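Below, each chain spelled out in residue letters.
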2 protein chains.
Amino acid sequence: METRNMTGTSPFAPRGTAQEIEEGTTFSPKFDRDGLITAVTTDAKTGELLMVAWMNAEALARTVETGEAWYWSRSRNELWHKGETSGQVQTVIELRTDCDQDTVWLKVDVAGDGGCCHVGYRSCFYRRVPKGEPAKLEATGATKLHSHEH
Amino acid sequence: METRNMTGTSPFAPRGTAQEIEEGTTFSPKFDRDGLITAVTTDAKTGELLMVAWMNAEALARTVETGEAWYWSRSRNELWHKGETSGQVQTVIELRTDCDQDTVWLKVDVAGDGGCCHVGYRSCFYRRVPKGEPAKLEATGATKLHSHEH
């Protein structure tokens, strides 16, 4: 979609051969047909998985340039500077990509109350699926940092 | 696509209200328009991010039932029992989902040589993007477990 693409020239390199993509030193992120790339965000200190979100090229470019996490909100259909309203700004300690460069991994320090999840938890992953019980979720014991209104 | 859907009845619960999805005890995974859900896999012992892949409903159901990781290979367009040929079978120690249940997180023990990445590294995330340099990748110092032919 046009609104998800950057205006002007992309700061990223064009996609090369499989060898260049997998073993090279050029960042050529692969965006899907909606112009998005998956972003996995972990706590730089504890390693905890905090959230999984999506970025368009502009969000990724701003993240690389500013050292703070920007995403693309698929529900609001807009660029999203994480923490701008909540104070939970994410400072990127390290940004990695994977073998085929269709995912990025952000190791972050979280400001504010240290949370990431809009439901009120530090991490979005506060429930587990028990083995052999595909319709069930169990609490992991995570506690809320703040309450959440539906 | 038909081939990505399970035949027969889904073992998962239907999607409920936002409150049920975010705060309930029912697993109602959200598959995208290709019938896939994002799966983030970390090492259960070290917490290291190993890989990000996708599952269709059948792969997710098999993962819950068997306690081993199954994915959907988008490049081969087929169900993928991780490690079946490489020996790098992933035993799921814990399976979590996130607030809106459109991502799953697998904490795994990896068999064989302990690797995950087809390029030969333990983790697919063996390169970083330097701050302010959006077209560049740097090695993280990760070493290969085995070599890889293109």
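The shown structure was predicted, so the numbers you read here are calculated from the model rather than taken from an experiment. (Residues numbered from 1 in each chain as written. Chains lettered and ligands numbered in written order. Predicted model: local features only at pLDDT ≥ 70, side-chain atom pairs only at ≥ 80, totals over all residues. Heavy atoms only, no water.)

Peer 1: Before we move on, could you go through the confidence of the model for chain A and cite the residues and values that matter?
Peer 2: Residues of chain A with pLDDT of at least 70 account for 93%, and the chain-wide mean is 93. Reported confidence for the predicted complex is 0.92 by ipTM and 0.93 by pTM. (pLDDT = per-residue confidence, 0-100.)

Peer 1: Account for the packing of aromatic side chains, with residues named and values stated.
Peer 2: A full pass over the atoms with the stated rule returns 10 aromatic pairs over all chains. Aromatic pair F12 of chain A and F31 of chain A: ring centres 6.2 Å apart, planes at 50°, arrangement tilted. Highlighted residues: F12 of chain A in the segment before helix 1 (18–23) and F31 of chain A in the loop between helix 1 and strand 1 (37–43), separated in sequence by 19 residues. The buried category is assigned to F12 of chain A, whose relative accessible area is 8%. Look at W105 of chain A and F125 of chain B: their rings are 5.7 Å apart centre to centre, the planes differ by 80°, and that puts the pair in the edge-to-face class. Of the two residues, W105 of chain A sits in strand 6 (residues 103–110) while F125 of chain B sits in the loop between strand 6 (103–110) and strand 7 (127–128), which places them in two different chains. (Phe/Tyr/Trp six-rings, centres within 6.5 Å; stacked < 30°, edge-to-face > 60°. Helix = DSSP H or I, 4+ residues; strand = E, 2+ residues; numbered from the N terminus. Buried < 20%, exposed > 50% of the residue type's maximum accessible area, 1.4 Å probe, protein only.)

Peer 1: Would you mind going over the interface of chain A and chain B in detail, with residue names and values included?
Peer 2: The partner chain B presents 59 residues to the 59 residues of chain A that form the contact. When chain A packs against chain B, the two sides together hide about 4900 Å² of surface, and 54% of this comes from carbon and sulfur. Ionic pairing is found between R74 of chain A and D102 of chain B, a salt bridge with its closest N-O pair at 2.8 Å. Where chain A meets chain B, there are 36 residue pairs in polar contact (both at pLDDT 80 or more). For the side of chain A that touches chain B, the secondary-structure elements that each account for two or more residues are helix 1, strand 1, strand 2 (49–55), helix 2 (57–66), strand 5 (90–97), strand 6 and strand 7 (127–128) of chain A. The biggest single contributor to the side of chain A that touches chain B is helix 1 of chain A, with six residues. Within the side of chain A that touches chain B, the residues separate by chemical class into 26 nonpolar, 16 polar and 17 charged. Where strand 5 of chain A and strand 7 of chain B come together, two bridges link them in antiparallel fashion. (Contact = heavy atoms within 4.5 Å. Buried area = accessible area lost by both parts, 1.4 Å probe. Salt bridge = Lys/Arg side-chain N within 4 Å of Asp/Glu carboxyl O. Polar contact = N/O pair within 3.5 Å; in protein donor to acceptor, adjacent residues only side chain to side chain. Nonpolar A, V, L, I, M, F, W, Y, C, P; charged D, E, K, R; others polar. Pairing = 2+ DSSP bridges.)

Peer 1: Summarise the environment of T41 of chain A; cite the residues concerned and give the values.
Peer 2: Residues and elements named next belong to chain A. The topology assignment puts T41 in strand 1. Here the alpha-carbon distance between T41 and V89, two residues 48 residues apart in the chain, equals 12 Å. In this structure, T41 is in contact with E48, L49, L50, M51, Y71, Q90, L106 and V108, ignoring residues within four places of it in sequence.

Peer 1: Please set out the pattern of salt bridges residue by residue, giving values where relevant.
Peer 2: The final tally for this structure, using the stated rule, is 22 salt bridges over all chains. Two residues, R96 of chain B and E94 of chain B, come together in a salt bridge whose shortest N-O distance is 2.7 Å. Neither R96 of chain B nor E94 of chain B differs from the other in exposure class; each is buried. Linked through salt bridges whose partners overlap, the residues forming this network are E94, R96 and K107 of chain A together with R128 and E138 of chain B.

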